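Examining the three-dimensional arrangement
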Amino acid sequence: MKRNILITGGAGFIGSHVVRLFVNKYPEYNIINLDKLTYAGNLANLKDVENKSNYVFVKADICDFPAILSIFEKYNIDGVIHLAAESHVDRSIKDPFLFAQTNVIGTLSLLQAAKAAWEKSGGDNKLFYHISTDEVYGSLGSEGFFTEETPYDPHSPYSASKASSDHFVKAFHDTYGLSTIISNCSNNYGPYQFPEKLIPLFINNIRNNKPLPVYGKGENVRDWLYVIDHARAIDVIFHRGLPGETYNIGGFNEWKNIDLIRVMIRVTDKLLGRKEGESEKLITYVTDRAGHDLRYAIDSSKLKTRLAWEPSLQFEEGIEKTVQWYLDNQEWLDSVTSGAYQEYYEKMYSV
Ligand code: NAD
Ligand code: TYD
């Protein structure tokens, strides 16, 4: 069936994997990638699909309601996969206004545009699918998992803004009958992640013999999922999830930061031909992040039992592939760390 799907934030880390999957897997769909191209948006992430006939890129800000409304009308959008966001906790601590603006007002503007456009066009088969994070559930002690019933308890400005956007999505479902789904996923890793997040930052620093800034004692626990498995889950949920539902996504793959860092050091040293453990000396304990959540761990059994999704990669394989990718793509890393990647749009679209 022909569909016109708006993917927001498609030039970012997870969004680029979702765009690639949908463009390649569903030639019968039109995929409209809407992105503002902030520091985190990089069209070079999508070089391999940019010339496909079922793909179009639109530069726009999700907070610009009139622009979003006209995009809905122009492309006759019938499905939304909403990933555009400010996504880094440390940045949210420095600039909470920006996070409220993009993540809350931006999501509200998309919801309002979808509601207005779909009230006019009518018909079934509309879906507003909002991509969220497990961080909305707060922090766990050493036991237990987040389920879909865990009450929201966000602590950082990032998670507070995502929690707020989730509540707006639910409010549009309950108040206006908008067909919506939310998924809350654990920490992602893999190719094309901006090197401010733990895994790409540390791989890059190990390679360049730079210090590895471990927050606090490195005792915080995160649950890691390979980004392509997240994109596969998004595909399954978009097509088979039930409107009004929430799905948790995770790989039951918890790591204490310091243990994960040691694995990264071992794998990176091995692939660089260094002596085992040579880069351990780069570990540098620094002041802890303010309000640093101790532990995230997600129970994704609902997704497994109801929609038959499971991660395809074991962590050892995923981390090795990821380190290899960053080592093989030094040019991508250099262009991202130098800011040169931002010229790609100007060159591609001759503006
Ligand atoms: P990212 O920071 O890599 O990408 C975000 C994208 O959104 C960028 O391309 C950016 O240009 C775009 N964007 C930002 N503000 C915009 C605006 N006002 N208008 C239009 N586009 C805008 O983020 P990511 O890590 O790929 O995360 C994508 C989504 O998944 C986010 O909603 C995030 O909350 C969620 N999520 C991320 C993780 C993770 O581990 N990275 C885990 C769970 C959920
Ligand atoms: P991050 O990749 O920023 O993801 P999130 O904060 O959304 O979980 O951080 C992952 C973990 O690594 C988190 O516990 C904070 C920690 N961390 C460091 O110890 N040092 C760093 O330089 C960074 C970026 C993160």
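Quick notes on the rules
- Residues numbered from 1 in each chain as written.
- Chains lettered and ligands numbered in written order.
- Predicted model: local features only at pLDDT ≥ 70, side-chain atom pairs only at ≥ 80, totals over all residues.
- Heavy atoms only, no water.
- Near = heavy atom within 4 Å.
- Polar contact = N/O pair within 3.5 Å; in protein donor to acceptor, adjacent residues only side chain to side chain.
- Areas by Shrake-Rupley, 256 points an atom, 1.4 Å probe, with all protein chains shown as cover.
- Helix = DSSP H or I, 4+ residues; strand = E, 2+ residues; numbered from the N terminus.
- Contact = heavy atoms within 4.5 Å.
- Buried < 20%, exposed > 50% of the residue type's maximum accessible area, 1.4 Å probe, protein only.
- Nonpolar A, V, L, I, M, F, W, Y, C, P; charged D, E, K, R; others polar.
- Pairing = 2+ DSSP bridges.
- Axes fitted to C-alpha atoms, helices over the stretch in contact; angles between N-to-C directions.

**A look at the site of ligand 2**
Surveying the vicinity of ligand 2 reveals 18 residues, the closest of which are Glu135, Pro213, Arg222, Arg289 and His292. Interatomic distance of 2.7 Å between a side-chain N/O atom of histidine 292 and an oxygen atom of ligand 2. Contact with the protein chains hides 96% of the accessible area of ligand 2, taken as 510 Å² for the molecule alone.

**Overview of the environment of phenylalanine 145**
By secondary structure assignment, the location of phenylalanine 145 is in the loop between strand 5 (127-133) and helix 5 (157-176). Sequence separation between phenylalanine 145 and aspartate 259 is 114 residues; the distance between their C-alpha atoms is 20 Å. Look past the residues within four positions of phenylalanine 145 in its chain and what remains in contact with it is Leu140, Thr150, Phe252, Glu254, Ala297, Ile298 and Asp299.

**A closer look at the side chain of serine 156**
Relative to the helices and strands, serine 156 resides in the loop between strand 5 and helix 5. Classification of serine 156 as buried rests on a relative accessible area of 10%. At a separation of 2.9 Å, a polar atom in the side chain of serine 156 contacts the main-chain amide nitrogen of serine 159. Ignoring any residue separated from it by four or fewer positions in sequence, one finds serine 156 in contact with Val89 and Ser92.

**A short note on the site of ligand 1**
Near ligand 1 there are 28 residues, and of these Ile14, Asp35, Ser87, Tyr158 and Lys162 occur at the shortest range. Contact between ligand 1 and phenylalanine 13: an oxygen atom at 3.0 Å from a main-chain N or O atom of the residue. Isoleucine 14 is positioned such that a nitrogen or oxygen atom in its backbone is 2.8 Å from an oxygen atom of ligand 1. Contact with the protein chains hides 97% of the accessible area of ligand 1, taken as 840 Å² for the molecule alone. Contributing elements (two or more residues each) for the shell around ligand 1: helix 1 (13-25), strand 5, helix 5 and strand 7 (187-189). Of the residues belonging to the shell around ligand 1, the class tally is 13 nonpolar, eleven polar and four charged.

**Things to note about the sheet that holds strand 9 (residues 221-226)**
An order of 7-9-11 is seen for the three strands of this open sheet, with the pairing classed as mixed. Looking along the sheet, the strands with just one partner apiece sit at the ends: strand 7 and strand 11 (254-256). Across the sheet, the axes of successive neighbouring strands diverge by a mean angle of 50°, strand direction being ignored. Bridge count between strand 9 and strand 11: three bridges; the pairing is antiparallel. Its bridge partner being in strand 11, aspartate 223 is matched across the sheet by glutamate 254. The strands that helix 7 (residues 227-240) touches are strand 7 and strand 9; relative to strand 9, the one it contacts most, it runs at about 70°. The sheet strands contacting helix 8 (residues 257-271) are strand 9 and strand 11, and the helix crosses strand 11 at an angle near 90°.

What is shown is where atoms sit, not what they do.
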